[in-house]
Amino acid sequence: LLDNMRPEQPLSLRCLSTLNLACECLKPDFSRQLRAHGLVNKILVLLKDALEHPSLQVVTATFFFVICQHRMDSSDLDRKCVELLNGLLEKSSDDIHDYSEQQKEDKGSLLEGKAAREYEKIKQKAKSVLEKCSPLPLKDKERGSGRKEDDKEEDEEVIEVQNFDQDGLKPACLTISELVSECFHNLTSNQSNCHWIKEEMRILGTLDHVANIAIALSNSITWDESEEIDKKELLLKLLRSLKLLENVTFLNKGNQTYLTVFDGSLLISKLCKLIAFSQNLLIHNSA
């Protein structure tokens, strides 16, 4: 699979090989072996040109999302991998304006003919992989500072459809930027050794993209029952974005200060309005 992912191979072969590898990573034991042998960094080096190809962006985000589900933390990566993730987030965040318009960050719309058809095939295959992943919970399980805790439980955490938590957010509905955000969410959840990645996220501009996603989501959650937008899905996405912001600001004054003044304190203003909206929603539902 790794040989087929090399830059000199045909794009379609590289994409399919990456998705096949992602399928294998659904198995915790396989995922652990990749990390134990330091192959995650090598794989992302093979995909370093992902920013140049829409199809490769899709499969790279899918692969990394899957492997991050098995307690991978920032010690498994180097700075170049974080730069690639940030690049994916930056590329896919360009089109974020208003979720109420059901915006699509689909770079494949710029393709034509055979390239467009191949892109759609890859996107559907990636979606089928994500459909095998467990929903993202509203509340994360508590993690200790070490990785031995819960190792026994992880053996039983093969990502299967029958274990779906109906209250969770299904990964197959996530955009590329949201998949990458979830990767950062997992990487920053273990607070014992993720300080460096929090700093890199601020330096590289990752925090800007995450904050903009949260702002766009909060703009789209309005008090209008006539709208046909699935507010539950939007709320779940917003909660996941806010959880990531919580992770990166925890015990990090640099990130706290940066996000407080970000874009003229726009994020803080939106969150204050969101609190008022939530209060009104509670009152309405309890009436």
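Here the structure is a predicted model, which means the values were calculated and not measured.

## So, the overall build of the protein chain
No. 1: Regarding its fold elements, the protein chain presents 13 helices and 0 strands.
No. 2: Counted from the first residue to the last, the protein chain has its helices and strands arranged as α-α-α-α-α-α-α-α-α-α-α-α-α.
No. 3: When the 287 residues of the protein chain are sorted by exposure, 46% land in the buried category.
No. 4: The contacts in the protein chain between residues at least 6 apart in sequence include a share of 79% that link residues at least 24 apart.

## Quick look at the confidence of the model for the protein chain
No. 1: In this model, the protein chain carries an average pLDDT of 82, and 79% of its residues clear a pLDDT of 70 or more.
No. 2: Ranking the helices and strands of the protein chain by mean pLDDT puts helix 12 (residues 253-261) first, with 96, and helix 7 (residues 151-154) last, with 45.
No. 3: The low-confidence segment residues 101-105, where pLDDT is below 50, has 10 contacts with residues more than four positions distant or belonging to other chains.
No. 4: The low-confidence segment residues 142-165, where pLDDT is below 50, has 45 contacts with residues more than four positions distant or belonging to other chains.

## What to know about the pattern of salt bridges
No. 1: The full count for this structure, using the stated rule, is 13 salt bridges.
No. 2: The closest approach of N and O atoms between Arg6 and Asp3, which form a salt bridge, is 3.4 Å.
No. 3: Using a relative accessible area of 35% as the deciding quantity, one classes Arg6 as partly exposed.
No. 4: The shortest N-O distance in the salt bridge between Arg202 and Glu199 comes to 2.6 Å. Taken together, the positions of Arg202 and Glu199, both in helix 9 (residues 195-204) and 3 residues apart, correspond to about one turn of that helix.
No. 5: Classification of Arg202 by relative accessible area gives partly exposed; the value is 22%.
No. 6: Salt bridges sharing partners connect three or more residues here, namely Arg79, Glu83 and Glu200.

## Things to note about the environment of Met201
No. 1: Position of Met201 relative to the elements: it lies in helix 9.
No. 2: For Met201, a relative accessible area of 0% gives the class buried.
No. 3: Through-space distance from the C-alpha of Met201 to that of Val82 is 8.1 Å; in sequence the pair is 119 residues apart.
No. 4: What Met201 contacts, discounting residues up to four positions off in sequence, is Phe184, Thr188, Thr206, Leu207, Leu244 and Val248.

## Comments concerning helix 11 (residues 231-249)
No. 1: Under the 1.5 Å per step criterion, the end-to-end length of helix 11 is 27 Å for 19 residues, consistent within 8% with the ideal 27 Å.
No. 2: Within helix 11 the residues assigned to the buried category are Leu234, Leu236, Lys237, Leu238, Arg240, Ser241, Leu244, Leu245, Asn247, Val248 and Thr249.
No. 3: Where helix 11 ends, the next residue or the one after it, Leu251, has phi of about 55°, a positive value.

## Notes on the nonpolar core
No. 1: Core analysis: the largest hydrophobic core is formed by 69 residues, its most contacted members being Phe64 and Phe65.
No. 2: When residues of this core are assigned to their parent elements, the largest contribution, 10 residues, is made by helix 4 (residues 54-68).
No. 3: With sequence-adjacent residues up to four places away left out, Phe64 is seen in contact with Val40, Leu44, Met72, Leu77, Leu85, Cys183 and Leu187.

## Describing the side chain of Gln57
No. 1: Inspection of the secondary structure puts Gln57 in helix 4.
No. 2: Here Gln57 falls in the buried class, since its relative accessible area comes to 3%.
No. 3: Only 3.3 Å separates the side chain of Gln57 from the backbone oxygen of Leu51, close enough to count as a polar contact.

## Section: the state of the cysteines
Think of a disulfide as a covalent bridge from one cysteine sulfur atom to another cysteine sulfur atom.
No. 1: In total, this model carries 0 disulfides according to the counting rule given.
No. 2: Just so you know, Cys23 is unpaired, no disulfide at all, and the nearest cysteine sulfur is the one on Cys133, 8.9 Å from it.

Cut-off values and rules
- Residues numbered from 1 in each chain as written.
- Predicted model: local features only at pLDDT ≥ 70, side-chain atom pairs only at ≥ 80, totals over all residues.
- Heavy atoms only, no water.
- Helix = DSSP H or I, 4+ residues; strand = E, 2+ residues; numbered from the N terminus.
- Buried < 20%, exposed > 50% of the residue type's maximum accessible area, 1.4 Å probe, protein only.
- Contact = heavy atoms within 4.5 Å.
- pLDDT = per-residue confidence, 0-100.
- Salt bridge = Lys/Arg side-chain N within 4 Å of Asp/Glu carboxyl O.
- Expected span 1.5 Å × (residues − 1).
- Core = buried A, V, L, I, M, F, W, Y, C linked by side-chain atoms within 4.5 Å.
- Polar contact = N/O pair within 3.5 Å; in protein donor to acceptor, adjacent residues only side chain to side chain.
- Disulfide = S-S within 2.5 Å.

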